Amino acid sequence: MIFSRKKQEILDPYTVEQCTSCNASKKRKFAEGDYVFKAIGNCTSCNNGQVTVLKIYGETIK
Ligand SMILES: [Zn+2]
């Protein structure tokens, strides 16, 4: 079975960061060296929790 598409899809990678304390999440462009569960730093929303990378995914550019 041949699976063909009209044109090649280009994926734009995004990184979602989330605070372990207040669960504030932020989406930003993927940066080199990002990986899931990577510690980003202190949360600027609650000044209490640690912000880590929740997930990395690609969005199709239309
Ligand atoms: Zn927080």
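Let me sum up the structure you'll find in this document. No experiment lies behind these values; they were computed from the predicted model shown.

## Structural notes on the overall build of the chain
Thought 1: From N to C terminus, the chain includes 0 helices and 4 strands.
Thought 2: Starting at the N terminus and walking to the C terminus, you meet the elements of the chain as β-β-β-β.
Thought 3: Against the globule reference of 11 Å for 62 residues, the chain gives a C-alpha radius of gyration of 16 Å, more extended than a compact globule.
Thought 4: In terms of overall dimensions, the chain has C-alpha extents of about 50 × 20 × 20 Å along its principal axes.
Thought 5: Partitioning the intrachain contacts of the chain with sequence separation of at least 6 by distance along the chain shows that 49% fall at a separation of at least 24.

## Considerations on unusual backbone geometry
Thought 1: Even without being a glycine, N23 presents a positive backbone phi close to 65 degrees.
Thought 2: Given 12 C-beta atoms within 10 Å, N23 falls into the exposed group.
Thought 3: One non-glycine residue, F37, lies in positive phi territory at about 75 degrees.
Thought 4: Within the secondary structure, F37 is located in the loop between strand 2 (25-29) and strand 3 (39-42).

## As for the pairing of strand 4 (residues 50-60)
Thought 1: Taken together, the 9 bridges between strand 1 (residues 11-19) and strand 4 define a ladder with antiparallel strand orientation. Each residue of the ladder has a partner; that of T15, found in strand 4, is I56.

## So, the pairing of strand 2
It is a general feature of regular strands that their side chains alternate between the two faces of the sheet.
Thought 1: Within strand 2, only 0 of the 5 residues are buried, which leaves the element largely exposed.
Thought 2: Where strand 1 folds back on strand 2, the antiparallel hairpin that results is connected by 5 residues, among which N23 adopts a positive phi of roughly 65 degrees.

## Concerning the environment of K26
Thought 1: Among the structural elements, K26 can be located in strand 2.
Thought 2: Sequence spacing of K26 and V51 is 25 residues, and the spatial spacing of their C-alpha atoms is 9.6 Å.

## Things to note about the sheet that holds strand 3
Thought 1: Taken in spatial order, the 4 strands of this open sheet run 2-1-4-3, and their pairing is antiparallel. This sheet does not close on itself; its edge strands, each paired only once, are strand 2 and strand 3. On average, each strand axis in the sheet is inclined to that of its neighbour by 35 degrees, with strand direction left out of account.
Thought 2: Judged from the 3 bridges that link them, strand 3 and strand 4 form a sheet pairing that is antiparallel. Residue pairing for strand 4: G41 is matched across the bridge by V51.

Calculation criteria
- Residues numbered from 1 in each chain as written.
- Predicted model: local features only at pLDDT ≥ 70, side-chain atom pairs only at ≥ 80, totals over all residues.
- Helix = DSSP H or I, 4+ residues; strand = E, 2+ residues; numbered from the N terminus.
- Rg over C-alpha atoms; globule rule 2.2 N^0.38 Å.
- Contact = placed C-beta atoms within 7 Å.
- Buried ≥ 20, exposed ≤ 12 C-beta atoms within 10 Å, placed from the backbone.
- Pairing = 2+ DSSP bridges.
- Axes fitted to C-alpha atoms, helices over the stretch in contact; angles between N-to-C directions.

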